[in-house]
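# Structural characterization, general
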Amino acid sequence: MHACAVIPALNEEASIGLVLRDLPRPLVPRAIVVDNGSTDGTGAAAAAAGATVVREPRRGYGAACLAGIAALPPDCDVVLFLDADHSDHGEEAALLLAPIERGEADLVIGSRMRGRAEPGALLPQARFGNALACFLMRLLYGFRYSDLGPFRAITREALARIGMVDTNFGWTVEMQLKALHHRLRIVEVPVSYRRRKGVSKITGTVSGTLRAGWKILWTIFRYGVLKRGAT
Ligand SMILES: Nc1nc2c(ncn2[C@@H]2O[C@H](COP(=O)(O)OP(=O)(O)O)[C@@H](O)[C@H]2O)c(=O)[nH]1
Ligand SMILES: [Mg+2]
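Residues numbered from 1 in each chain as written. Chains lettered and ligands numbered in written order. Predicted model: local features only at pLDDT ≥ 70, side-chain atom pairs only at ≥ 80, totals over all residues.

## Examining the overall build of the chain
As a reminder of what qualifies: Going along the chain from the N terminus, every DSSP run of H or I of four or more residues is numbered as a helix, and every run of E of two or more is numbered as a strand. Based on C-alpha atoms, the radius of gyration is set beside the globule rule, defined as 2.2 Å times the residue count to the power 0.38. Counting other C-beta atoms within 10 Å of a residue's C-beta gives its exposure: the residue is buried at 20 or more, exposed at 12 or fewer, and partly exposed in between, where C-beta atoms are placed from the backbone.
A tally of regular secondary structure across the chain gives 8 helices and 7 strands. Relative to the globule expectation of 17 Å for 231 residues, the C-alpha radius of gyration of the chain, 16 Å, shows essentially globular dimensions. Summarising its shape, the C-alpha atoms of the chain cover approximately 45 × 40 × 35 Å along the three principal directions. When each of the 231 residues of the chain is scored for burial, the buried share is 46%.

Take a look at the structure:
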């Protein structure tokens, strides 16, 4: 197994080095940090910590993930996604990669609801949004996700098969919906989650929460209702 990390980052100079430091190197020897138009030293900090830095001027979480995928080395066969704010515990990468390595899963979601989230790390609006999205996916597909967490692993082959397109906040839920659609083998594992440094740009702001919440619901409607059976 050749795993490569993809880390979308927007102004995370203070934390990106810690994220890269915590990744277990033998298991995840390479990391691509996608600098999404940061105005701080995110790119330089990532390069100093040994990552390959890709720049994506088109703003958006999904746009950054897509740019990271486009830059994967040819021999990479498993992609590990995580956030740049040091909320995810990169040292837990083995928990996500093990089911893939054993040949039991195509997609492994790190669940912060099943694992230990530090108090205050998941804001109430994030918990509510996660619960609602998971409830709706269960109604539509009968599958019990417990989280839309950013820390996840997927085989390169499965990633190619599902054809991700979302350029912003719908990214995580799109992957989960398409995984159900394409009948991927999905496993959830408990992961830890800590409070980020600095202010959250998505769930920590009213506009970010509303835009993300709306986009997630729209994505569930689009793939779960309109396009069900189409792909
Ligand atoms: N590429 C990209 N990343 C973003 C954007 N907004 C936030 N991020 C990154 O996405 C991750 C999650 O953002 P964060 O502010 O922690 O929001 P929250 O955890 O959902 O409340 C972090 O790694 C951010 O650097 C964006 O517009 N583009
Ligand atoms: Mg965060």
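## Notes on helix 7 (residues 171-181)
The line we're drawing: Any pair of residues counts as being in contact when their C-beta atoms, constructed from backbone geometry, are within 7 Å of one another.
Most of helix 7 is tucked away, with 10 of its 11 residues classed as buried. Those residues of helix 7 not exposed but buried are Trp 171, Thr 172, Val 173, Glu 174, Met 175, Gln 176, Leu 177, Lys 178, Ala 179 and Leu 180. Next to the buried residues of helix 7 lie helix 3 (61-70), strand 5 (107-111), helix 5 (124-141), helix 6 (156-162), strand 7 (186-190) and helix 8 (206-226). Trailing helix 7 by a residue or two, Arg 183 shows a phi angle of about 55 degrees, which is positive.

## Things to note about the site of ligand 1
Condition: Placing the C-beta atom from the backbone, one calls a residue near a molecule or strand if that atom lies within 6 Å of it. Each residue is assigned to one of three groups, with Ala, Val, Leu, Ile, Met, Phe, Trp, Tyr, Cys and Pro labelled nonpolar, Asp, Glu, Lys and Arg labelled charged, and all others, Gly among them, labelled polar.
Surveying the vicinity of ligand 1 reveals 19 residues, the closest of which are Asn 36, Ala 64, Ser 200, Lys 201 and Ile 202. Contributing elements (two or more residues each) for the shell around ligand 1: strand 1 (3-9) and helix 3. Residue composition of the shell around ligand 1, by class: 7 nonpolar, 6 polar and 6 charged.

## Overview of unusual backbone geometry
Even without a glycine there, the phi angle at His 86 is positive, about 65 degrees. Here His 86 is to be found in the loop between strand 4 (78-81) and helix 4 (93-101). Not every positive phi belongs to a glycine, and Arg 183 is a case in point at roughly 55 degrees. Along the chain, the position of Arg 183 falls in the loop between helix 7 and strand 7. Judged by C-beta crowding, with 8 C-beta atoms within 10 Å, Arg 183 ranks as exposed.

## Details of the sheet that holds strand 1
Where we set the bar: Strand pairing is assigned whenever DSSP detects at least two bridges linking the two strands. Fitting a line to C-alpha atoms yields each axis, with helices limited to the stretch in contact; the angle taken between N-to-C directions then spans 0 to 180 degrees.
Reading across the sheet, the 7 strands line up as 3-2-1-4-6-5-7 and stay open at both edges, with mixed pairing between neighbours. The open sheet is flanked by strand 3 (52-55) and strand 7, the only strands paired with a single partner. Put simply, the sheet's adjacent strands are angled 20 degrees from each other on average, direction ignored. For strand 2 (residues 30-35) and strand 3, the ladder comprises 4 bridges, and the chain directions are parallel. Bridge assignment links Val 34 to a residue of strand 3, and that residue is Val 54.

## Some words on the pairing of strand 6 (residues 152-155)
On strand 6, burial covers both faces: Arg 152 and Ile 154 on one face and Ala 153 and Thr 155 on the other are all buried. Where strand 4 and strand 6 come together, 4 bridges link them in antiparallel fashion. Pairing of Val 79 across the sheet is with Ile 154, part of strand 6. Taken together, the 3 bridges between strand 5 and strand 6 define a ladder with antiparallel strand orientation. Residue pairing across strands places Ile 109 opposite Arg 152, the latter belonging to strand 6.

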